[in-house]
Every structure is written in C-alpha cells, then in structure tokens.
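# Per-entry structural report
Here's the letter readout for the chains.
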Amino acid sequence: MSLYCGIACRRKSFWYFRLLSTYVAKTRYLFELKEDDDACKKAQQTGAFYLFHSLAPLLQKSGHQYQAPRHSLLELERLLAKFGQDTQRIEDSVLIGCSDQHEAWFALDLGLTSSSSQNAAIQKPEMETELKGSFTELTKALFQLNTKDASLLTMAQALLRWHDAHQFCSRSGQPTKKNMAGSKRVCPSNKIIYYPQVKVWKRLSGEKLQKRWDWRWKDCSTLHPSTGPFLIAHS
Ligand SMILES: [Zn+2]
C-alpha cells in the first residue's frame with residue numbers, strides 16, 4: 001500500500017513537474033514572440049490563424065457544435081490574393097497563444113481596417129462561401145464551442161477590439177504602430193507605448209462559463225515590458 005502510494009506520489013509530482021516545465025517553456029516562448037518582431041514573423045510561417053470579420057469569428061457548424069477552423073500562412077496568402085488583397089494585411093494579426101509544441105496561434109480580422117493599411121474590408125458573404133464557414137457573433141456561439149476555443153476566441157476578440165480602438169495616440173492624435181505580435185502599440189511621435197492587458201476566463205461552476213475581464217492599459221514609455229495579454233486560462 002505504502003509502496004503503491006509512493007509510486008503514485010512520485011508519478012503525480014513528475015506529472016506536476018512536466019506540466020510546470022511545459023507552462024514555463026510556453027510562457028518564455030510567447031514572451032520572446034511578443035518582444036522580437038523577427039521571431040514572431042518567423043513563427044507565423046508555421047503558425048495557425050483564426051479569422052474574424054468585424055470581430056465575429058469564423059466558425060463551422062458540425063451537428064450542434066461549432067468549430068473554429070484554423071488556416072496556415074500559405075492558405076491565408078492564397079485567400080487574400082484571391083480577393084485582391086495585399087498580403088501585407090497579415091501584419092495586422094495578433095498573437096493569441098501557442099500549443100505545447102510551440103505552434104504559434106494568431107488572430108486576424110478581415111473586416112476591420114487599420115489606419116496603416118490601405119486595404120478595404122473584404123466582403124463577408126464571398127469570404128464565407130470561400131471558407132465554408134460563417135462569421136458568427138461570438139456570444140451566440142459561445143456555449144456550442146469547446147472550452148479551449150471559447151476562451152481563445154474571446155481573448156482574441158478582446159485583443160482585436162483593443163487594437164481597433166487604440167489606433168491613435170490619445171496625447172498626440174498620431175497613428176500608433178502595432179508591433180508584430182500585437183502585444184503593444186507605439187506612438188512614433190512621442191514614443192508612448194500602449195499595452196493591452198486582458199484577463200481571461202474562469203470556469204466558475206458546472207457548465208457555466210463566465211467572462212471576467214480586467215482592462216488596464218498603461219501609457220508609459222519604458223516601464224513594464226508587457227505582462228499581458230497572455231495570462232493562461234484556468235479551467
Ligand atoms: Zn503620441
């Protein structure tokens with residue numbers, strides 16, 4: 001009995017150790033991508049993109065459930081080319097997380113237009129036909145998504161919304177520039193840095209999912225190398 005317990009405990013602590021080291025490695029990797037534009041751009045090559053249109057995520061329905069399809073960079077480039085869009089638009093995407101194997105995940109809104117981009121919004125119906133899905137209001141689909149996708153898409157939506165709302169510096173009125181990962185926006189004229197901070201979901205009780213957002217953004221030039229928005233969701 002005690003021998004069994006010893007093995008079980010060791011297994012358990014090994015499991016915790018594995019979990020912790022995976023978590024630490026992921027956090028480090030995400031931190032690197034948030035700070036290093038080149039590393040982030042490289043991560044896009046092997047990454048996966050979740051698409052949005054005017055903050056509504058692209059979803060596919062199978063039975064009573066929704067799924068969020070993911071697209072590779074190559075697929076995305078082909079898609080944009082097909083709709084006569086500049087692939088430069090991919091730079092509007094924001095980093096939303098990564099897998100245990102360090103596949104980076106990004107979100108891109110094809111309906112919103114950034115101040116820096118010359119692209120017009122892409123027509124929604126044509127895009128939906130092409131992508132075999134529909135851009136669905138997230139609140140309507142939330143309970144038909146699995147917990148992981150629901151929390152990921154909610155965070156992605158919040159981050160895309162934050163970027164859309166902070167395209168201009170509140171002091172100088174000049175357009176702010178997003179870094180590659182979308183972990184900050186910088187005003188070129190007075191060097192103010194804006195950081196989004198997003199707290200993600202908690203599964204509170206039973207099947208009830210409740211959002212708990214905590215919005216704070218700072219305008220400070222050098223302090224606080226970004227801490228958010230990648231807080232890991234606990235279920
Ligand atoms: Zn400014």
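Residues numbered from 1 in each chain as written. Predicted model: local features only at pLDDT ≥ 70, side-chain atom pairs only at ≥ 80, totals over all residues. Heavy atoms only, no water.

Labelled according to an unreviewed UniProt entry, the protein appears under the name Nudix hydrolase 13, originating from Neovison vison.

## Notes on a negative patch on the surface
Under the convention used in this document: Only residues whose relative accessible area exceeds 30% and that form no salt bridge are eligible for patches; like-charged ones are grouped when within 9 Å, while nonpolar side chains (Val, Leu, Ile, Met, Phe, Trp, Tyr) are grouped when within 5 Å. For the area figures, the Shrake-Rupley method with a 1.4 Å probe applies, and any residue is considered shielded solely by the protein chains shown. Whenever Lys or Arg places a side-chain nitrogen within 4 Å of a carboxyl oxygen from Asp or Glu, that contact is recorded as a salt bridge. Only four residue types enter the charge count, namely Lys and Arg as positive and Asp and Glu as negative; His and the chain termini do not. For this purpose, a charge sits on NZ of Lys, CZ of Arg, CG of Asp or CD of Glu. Strands here mean DSSP runs of E at least two residues long; helices mean DSSP runs of H or I at least four residues long; both are numbered from the N terminus. Note on exposure labels: buried denotes an accessible area under 20% of the residue type's maximum, exposed denotes more than 50%, and partly exposed covers the range between, all computed with a 1.4 Å probe on protein chains only.
Among the surface-exposed residues, Glu 32, Glu 35, Asp 36, Asp 37 and Asp 38 lie close enough to one another that they form a single negatively charged patch. For the negative patch, the elements supplying multiple residues, two or more each, are α1 (2–35) and α2 (37–46). By the secondary structure assignment, Asp 38 is in helix α2. Accessibility expressed as a relative area gives 61% for Asp 38, which makes it exposed.

## Topic: a nonpolar patch on the surface
Together, Trp 15, Tyr 16 and Leu 19 give the surface a local cluster of nonpolar side chains, amounting to about 360 Å² of exposed area. Look at Leu 19 and you get partly exposed, because its relative accessible area is 47%.

## Here we look at the coordination of the zinc ion
Selection rule: We call an atom a donor if it is N, O or S and sits within 2.8 Å of the metal, or 3.2 Å for Na, K and Ca. Water is not counted, so some sites may look partial.
Every protein donor of the zinc ion is listed here as Cys 169 (SG), Ser 172 (OG), Cys 187 (SG), Asn 190 (OD1) and Asn 190 (ND2), and their distances to the metal cover 2.2 to 2.5 Å. We note that the donor set of the zinc ion lies within a single chain, spaced as C-x2-S-x14-C-x2-N. Under the relative-accessibility criterion, Cys 187 is labelled buried at 0%.

## A closer look at the nonpolar core
The cut-off we apply is this: Only buried Ala, Val, Leu, Ile, Met, Phe, Trp, Tyr and Cys residues count toward a nonpolar core, and they belong to the same one when joined by side-chain atoms within 4.5 Å. Whether two residues are in contact is decided by their heavy atoms: any pair within 4.5 Å suffices.
The biggest cluster of nonpolar side chains holds 27 residues, and the ones touching the most others in it are Leu 33 and Leu 51. Breaking this core down by element, the ones donating at least two residues are α1, α2, β1 (48–53), β2 (56–62), α3 (73–82), β4 (94–98), β5 (104–109) and α4 (124–131). Tallying contributions element by element places α3 first for this core, with four residues. Beyond its immediate chain neighbours, meaning those up to four positions away, Leu 33 contacts Ala 39, Cys 40, Ala 43, Leu 95, Ala 104 and Ala 181. In terms of nonpolar packing, the next biggest core, distinct from the first, is built from 22 residues, Tyr 50, Phe 52, Ala 150 and Leu 153 among them.

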